[in-house]
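# Reading the structure
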Amino acid sequence: MPTEDLSAKGLRIDDLQIKGYKLVQDPKAFCFGMDAVLLSGFAADVLNEDAAGAGSLCDLCSGNGVIPVLMAAKTEVSHIVGLEIIPENVQLANRSIEMNELSGRVSMVTGDLKEASRLLGKSVFDAVTVNPPYMEAGRGLVSPNTRKACARTEILCTLEDVIRESSRLLKPMGSFFAVHRPGRLTELLSLMRQYGIEPKRLRMVHSHIDDPATMVLAEGRSSKGRQLVVERPLVIYDELGNYTPDVKGIYGD
């Protein structure tokens, strides 16, 4: 669809700064943030080294499809599926997939995450990525915008739903990648182990080197022995307020 048609509908096209790929976004809804970019880099580091990385990947809570498009740009994964419950978000994602000529590798499915394994099959994906809602229902302010509220708050699914369905989607030895808030790290790791996804790697994300962590990146493996590596922290900004070399590398600079 031409840019002027998108603009007339209140949409915009954002440059993802890698391979010339772009993303159609609706400023009135929830637009992607740095957490999606960091998750894509965290997952790509593993998939590009792993022979299974050339297989299949499912992105849950896929929103407007930013992670599927980024994973197509950063990896050689041959089959990427995004699952999203809100039809308007799926429509945006499909526009981005078409715009970037990714229809042969990336597809979107409209459906409820709680039914993911029924919709997509059990033990069929080499990897699962997820940038889930961070806030528990009943806590904090909820946006009056339904699409923003569902992206930020566990209105349509819980963290347990996310982990349970991820575990069912993954093949044995499949990889799970998530980004979340440090305040829910204990819950995240407990649920991963409860559903047979062994925590393997953690990386805390800090805005500045002396700040508390604001995000955590987690990797797990289905049916894998117990050994957890905590990587050095990822710091977003240097003392001058510029992106650090680590972050520039993730963005593709």
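Refer to the preceding data block for the structure.
If you're wondering where the values come from, they're calculated on a predicted model, not measured in any experiment.

Attention now moves to the overall build of the protein chain. Helix and strand content of the protein chain: nine helices and eleven strands. When contacts within the protein chain are restricted to residue pairs at least 6 apart in sequence, those whose partners lie at least 24 apart make up 71%.

So, on to the nonpolar core. In this structure, L16, L38, M71 and F177 are the most contacted members of the largest nonpolar core, which totals 42 residues. Those elements giving two or more residues to this core turn out to be helix 2 (34-47), helix 3 (66-74), helix 4 (87-99), strand 5 (106-110), strand 7 (170-180), strand 9 (213-222) and helix 9 (245-251). Residue contributions to this core peak at ten residues, all from helix 2. Ignoring any residue separated from it by four or fewer positions in sequence, one finds L16 in contact with Y21, K22, L23, F32, V66, V69 and L70. Residues F125, V162, I163 and I197 belong to the second largest nonpolar core, which totals 26 residues.

In an α-helix, one turn spans 3.6 residues, which is why side chains three or four residues apart end up on the same side. Within helix 7 (residues 159-169), nine of the eleven residues are buried, leaving the element largely enclosed by the surrounding structure. Check the buried side of helix 7 and you find it contacts strand 3 (56-60), helix 5 (116-120), strand 6 (125-130), strand 7, helix 8 (185-194) and strand 8 (197-206).

Another aspect to go through is the packing of helix 7 against helix 8. As a packed pair, helix 7 and helix 8 sit with axes 9 Å apart at the nearest point and diverge in direction by 35°. As for the relative orientation of helix 7 and helix 8, their crossing is right-handed in sense. Touching L159, E160 and I163 of helix 7 are E187, L188, L191, M192 and Q194, all from helix 8. Of the residues in the contact of helix 7 with helix 8, the class split is five nonpolar, one polar and two charged.

Attention now moves to the side chain of R164. Relative to the assigned elements, R164 resides in helix 7. Polar side-chain contacts of R164 include one of 3.1 Å to the side chain of E165. In contact with R164, other than residues within four places in its own chain, are K114 and Y195.

Where strand 1 (residues 12-15) and strand 2 (residues 22-25) come together, four bridges link them in antiparallel fashion. Within strand 2, the position partnered with I13 by the bridge is V24. Counted between consecutive antiparallel strands, the loop separating strand 1 from strand 2 contains six residues, among which Q17 sits at a positive phi close to 65°.

If you trace the backbone, Q25 turns up in strand 2. For Q25, the side chain forms a polar contact with the main-chain nitrogen of F32, separated by 3.0 Å. When near neighbours in sequence (up to four residues on either side) are disregarded, Q25 contacts L11, R12, D14, C31, F32, N64 and L92.

Okay, the packing of aromatic side chains next. Under the definition given, this model contains three aromatic pairs. Both rings, one in F42 and one in F177, keep their centres 6.3 Å apart while their planes meet at 90°; by these two values the pair is edge-to-face. With a gap of 135 residues between them, F42 in helix 2 and F177 in strand 7 connect regions that are remote in the sequence. Here F42 matches F177 in class, with each residue buried. Arranged with centres 5.5 Å apart and planes meeting at 10°, the rings of Y243 and Y251 form a pair that is stacked. Exposure remark for Y243: the relative accessible area of 31% places this residue in the partly exposed category. Among the aromatic residues, those joined into a cluster by ring pairs are Y237, Y243 and Y251. Geometry around F42 places R201 over its ring, the cationic atom sitting 3.6 Å from the centre.

About the cut-offs
- All residue numbers refer to position in the chain's written sequence, counted from 1.
- Whole-chain, interface and lining totals are the exception, using all residues; otherwise, since this is a predicted model, local features are given only for residues with pLDDT of at least 70 and side-chain atom pairs are given and counted only at 80 or more.
- Computation of side-chain values covers all heavy atoms of the structure but excludes hydrogens and water.
- Numbering of helices and strands starts at the N terminus; helices are DSSP runs of H or I of at least 4 residues and strands are runs of E of at least 2.
- Contacts were defined at the residue level, with two residues in contact if any of their heavy atoms lie within 4.5 Å.
- Working definition of a nonpolar core: buried Ala, Val, Leu, Ile, Met, Phe, Trp, Tyr and Cys residues. They are joined through side-chain atoms within 4.5 Å.
- A 1.4 Å probe rolled over the protein chains alone gives each residue an accessible area, and that area as a share of the maximum for its type sets the label: buried under 20%, exposed over 50%, partly exposed in between.
- For helices, the fitted line uses only the C-alpha atoms of the stretch in contact; every axis is such a line through C-alpha atoms, and the angle between N-to-C directions lies from 0 to 180 degrees.
- A crossing counts as left-handed when the near helix is turned anticlockwise from the far one by less than a right angle, and as right-handed when that turn is clockwise.
- In this classification, the charged set is Asp, Glu, Lys and Arg, the nonpolar set is Ala, Val, Leu, Ile, Met, Phe, Trp, Tyr, Cys and Pro, and all remaining amino acids, among them Gly, are polar.
- Throughout this description, a polar contact denotes any pair of N or O atoms lying within 3.5 Å of each other; where both atoms belong to protein, one of them has to be capable of donating a hydrogen while the other can accept it, and for residues adjacent in sequence the pair is counted only when both atoms sit in side chains.
- DSSP-based pairing: two strands are paired if at least 2 bridges between them are found.
- The criterion for an aromatic pair is that two Phe, Tyr or Trp rings (for Trp, the six-membered ring) have centres within 6.5 Å, with stacked assigned to planes under 30 degrees apart, edge-to-face to planes over 60 apart and tilted to the rest.
- A ring is considered to have a charge above it if a Lys NZ or an Arg CZ atom is located within 6 Å of its centre and within 35 degrees of its normal.

By themselves, these figures tell us nothing about what the structure is for.
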